Amino acid sequence: MSITTPAFQVGAVTYLNSKPLIEDLPELFPNSTLKLDYPSRLADALAAHQLDVALIPSIEYFRLAPKTPCRIVSDACVATHGPVHSVKLYSRVPWNKVRTLALDEGSRTSATLARILLHERLGLKPELTSFPLGSSIEETAADAVLMIGDRAMSAPRETFFDAWDLGEEWHRDTNLPFVFAMWVATGRLVESSHIKPDRIHQPTDPDASEPFHLDHLAALLAEARDRGVARCEAVAAREAQHMRLTTEEIVRYFTENLFFTMGPDEKRGLQLYYQLATRLNLAPSGVQCEFCDPVHSR
Ligand SMILES: C=C(O[C@@H]1C=C(C(=O)O)C=C[C@H]1O)C(=O)O
C-alpha cells in the first residue's frame, strides 16, 4: 500500500502483547515517530496532545471522549477470549477478605476490571494503592495486587492465597471477549470529524502530498496488524531473545491467548465493560462508541 502519511506522533504499548500490532509500523508510517510506553502513560500523552494516535487502554477512550474530540481509528486491538495470561490479580487473603488493592501503575483497563469483578462478585470496594512500575510484587503490602504486561507473565516468587487471570474471569462471568487496548486518535487528526465523521481531510499538513483520511490510518493500522499476525512466529523468535520465555510460549500467547481484531463479540464485551464501569462511577456515562469499520488490507 502506498499512502503518503503526514508526520504523526504515534504511541504504542511497550509490552509483548502489542508487538504483532506494530510490526512494520515504522515502514508504513515513514514520516512518523513511534513512541513505546506503558499503557497508562500513553493514555495521558494522548490526552495531553503529545501524541496524535495511540494504542491506549480501552477504558481511557470513554474517559477522554467527553473532554476532547477523539475516535477509535482501527479495528486492530488487544483482546482475549478467555485466559489472557498477562493480566493477573493475586490475593494474599480469601477474596471476600480483600480490603486493600494495589493497582499496576501501567494499567487503566485492567485496574478498572479488577475493581468491577471484586464489586460485582463480592460487593467489595477495597482501598486503593499503587503497585509502581519499577518495584516487585513482594514490596507491596496490599491484600490483593494487580499485575499486567510482561512482568505478569512469569509467576512471582511469593506464594499467594489465590490468583485470577482477569481475561478468564471476565469470560467466565459474561461469556464475552475482553478488549484491553485499542487505537484512538485525537487532536488535529479528528478535529474536523465534527463536520464529516468518516472522511477526514488534513489540508493543513505541509508534508502530505495528498489529503490524509482517517480511512488511510485505519488501512495502515490494519496492514501493520495483518503483517504482524502473519509473521508472529518470527516476531516471537525475535522477542524470545530478550525475554524469559521460549519462542513456542510466545507463539501460544499470540495465537491462543490474544486476539487482535475487534469483531462483533469484542464490541459487545467492550460495551458491557463500559456499562459496568459507569455503574461504579469509574467512567463517565453517555459516551457513544463509534467503531471503525473493518479494513482489509489484502
Ligand atoms: C493484555 C494486556 O493488555 C494491556 C492492558 C492494559 C491495561 O490494563 O490498561 C492496556 C493495554 C494492554 O496492552 C496486558 O497488559 O497484558
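To be clear, the structure that these remarks concern was listed above.
Calculation notes
- Each residue is numbered by its place in its chain's sequence as written, counting from 1.
- Local features in a predicted model are, by the rule used here, given only for residues with pLDDT of at least 70; side-chain atom pairs are given and counted only at 80 or more, and totals for whole chains, interfaces and linings are based on all residues.
- Each side-chain value is derived from all of the structure's non-hydrogen atoms; neither hydrogens nor water enter the calculation.
- By convention in this text, a residue qualifies as near a molecule or strand provided that one of its non-hydrogen atoms is within 4 Å of it.
- N or O atoms closer than or at 3.5 Å make up a polar contact, with two conditions inside protein: a donor-capable atom paired with an acceptor-capable one, and, for residues adjacent in sequence, both atoms drawn from side chains.
- Note on areas: these come from Shrake-Rupley sampling with a 1.4 Å probe, and a residue is covered only by the protein chains present in the view.
- Put simply, DSSP H or I for four residues or longer makes a helix, DSSP E for two residues or longer makes a strand, and each gets a number counted from the N terminus.
- The residue classification treats Ala, Val, Leu, Ile, Met, Phe, Trp, Tyr, Cys and Pro as nonpolar and Asp, Glu, Lys and Arg as charged. All others, Gly included, are polar.
- By convention in these notes, a salt bridge is any Lys or Arg side-chain nitrogen within 4 Å of a carboxyl oxygen on Asp or Glu.
- Accessible area is worked out with a 1.4 Å probe on protein chains only. A residue is then buried under 20% of its type maximum, exposed over 50%, and partly exposed in between.
- Pairing of aromatic rings covers Phe, Tyr and the six-membered ring of Trp, with a centre-to-centre limit of 6.5 Å; geometry is then stacked below 30 degrees between planes, edge-to-face above 60, and tilted otherwise.
- Pairing between strands is defined by DSSP: at least two bridges between the two strands are required.
- Orientation is described by lines fitted to C-alpha atoms, with helices fitted over the stretch in contact, and by angles between N-to-C directions that extend from 0 to 180 degrees.
- Here, nonpolar core refers to any group of buried Ala, Val, Leu, Ile, Met, Phe, Trp, Tyr and Cys residues whose side-chain atoms link them within 4.5 Å.
- An automatic or database domain assignment provides the domain bounds reported here.
- Sulfur atoms of two cysteines make up a disulfide when they are within 2.5 Å.
- For this analysis, residues touch if any pair of their heavy atoms sits within 4.5 Å.

## Topic: the site of the ligand
Close to the ligand lie 17 residues, the nearest being Ser 86, Ser 107, Arg 108, Thr 109 and Ser 110. The side chain of Ser 107 places a nitrogen or oxygen atom 2.7 Å from an oxygen atom of the ligand. About the coverage of the ligand: the protein hides 100% of its 390 Å² of free accessible area. Elements represented by at least two residues in the shell around the ligand include exactly helix 5 (109-122) and strand 10 (178-186). Taken together, the residues of the shell around the ligand sort by class into ten nonpolar, six polar and one charged.

## As for the pattern of salt bridges
Counted according to the given criterion, the structure contains 24 salt bridges. Residue Glu 27 is joined to Arg 227 by a salt bridge in which the shortest nitrogen-to-oxygen separation is 3.1 Å. Here Glu 27, found in helix 2 (residues 25-28), pairs with Arg 227, found in helix 7 (residues 214-230); they are 200 residues apart in sequence, far enough to count as distant. Glu 27 sits in the exposed class, given a relative accessible area of 54%. The shortest N-O distance in the salt bridge between Asp 104 and Arg 151 comes to 3.1 Å. Here Asp 104 is found in strand 6 (residues 100-104), whereas its partner Arg 151 is found in the loop between strand 8 (144-148) and strand 9 (162-165), with 47 residues between them in sequence. For Asp 104, a relative accessible area of 2% gives the class buried. You can call Arg 151 partly exposed: its relative accessible area is 24%.

## What about the packing of aromatic side chains?
This structure, assessed with the given rule, holds eleven aromatic pairs. With centroids separated by 5.2 Å and ring planes inclined at 70°, the aromatic side chains of Trp 170 and Phe 178 adopt a geometry described as edge-to-face. A relative accessible area of 1% means that Phe 178 is categorised as buried. With a centroid separation of 4.8 Å and an interplanar angle of 80°, the aromatic rings of Phe 178 and Tyr 273 are classed as edge-to-face. Of this pair, Phe 178 sits in strand 10 while Tyr 273 sits in helix 10 (residues 264-279), and the two are 95 residues apart along the sequence. Given a relative accessible area of 0%, Tyr 273 falls into the buried group. Counting every residue linked through ring pairs, the aromatic cluster contains Trp 170, Phe 178, Phe 180 and Tyr 273.

## Regarding the sheet that holds strand 2 (residues 33-37)
Strand order in the open sheet formed by six strands is 2-1-3-10-4-11, with mixed pairing between adjacent strands. Strands at the two margins of the open sheet, each flanked by one partner only, are strand 2 and strand 11 (258-261). Adjacent strand axes in the sheet meet at a mean angle of 25°, parallel and antiparallel pairs treated alike. Relative to strand 2, strand 1 (residues 9-13) runs parallel, the two being bridged by five bridges.

## Considering the nonpolar core
Grouped together as the largest cluster of nonpolar side chains are 92 residues, with contacts concentrated most on Leu 89, Trp 183, Leu 217 and Phe 254. At eight residues, strand 10 tops the list of elements feeding residues into this core. Domain assignment of the residues forming this core places at least three in each of domain 1 (9-80 + 177-279) and domain 2 (87-174). The next biggest cluster of nonpolar side chains, apart from the first, holds nine residues, and it includes Ala 142, Val 145, Ala 152 and Phe 160.

## Thoughts on the state of the cysteines
In this structure the tally under the stated criterion is zero disulfides. Cys 70 provides the cysteine sulfur closest to Cys 289, a residue in no disulfide bond, and the two sulfurs are 9.7 Å apart. On the basis of relative accessible area, Cys 289 is assigned to the buried category, the value being 13%.

## Thoughts on unusual backbone geometry
Negative phi characterises most residues that are not glycine, and trans characterises most peptide bonds. Phi at His 85 takes a positive value of approximately 80°, unusual for a residue other than glycine. Looking at the secondary structure, you find His 85 in the loop between strand 4 (70-80) and strand 5 (87-91).

## Brief notes about helix 9 (residues 247-257)
Of the positions making up helix 9, those classed as buried are Ile 250, Val 251, Tyr 253, Phe 254 and Asn 257. Those residues of helix 9 that are buried are in contact with helix 1 (19-22), strand 4, helix 8 (232-240) and strand 11.

## Observations regarding the sheet that holds strand 5
Read from one edge of the open sheet, five strands run 7-6-8-5-9, paired in mixed fashion. Every interior strand has two partners, whereas the edge strands, strand 7 (127-131) and strand 9, have only one. The average angle at which neighbouring strand axes cross in this sheet is 20°, direction not considered. In terms of strand pairing, strand 5 meets strand 9 through four bridges, oriented antiparallel. Within strand 9, the position partnered with Lys 88 by the bridge is Asp 165.

Purely geometric numbers; function is a separate question.
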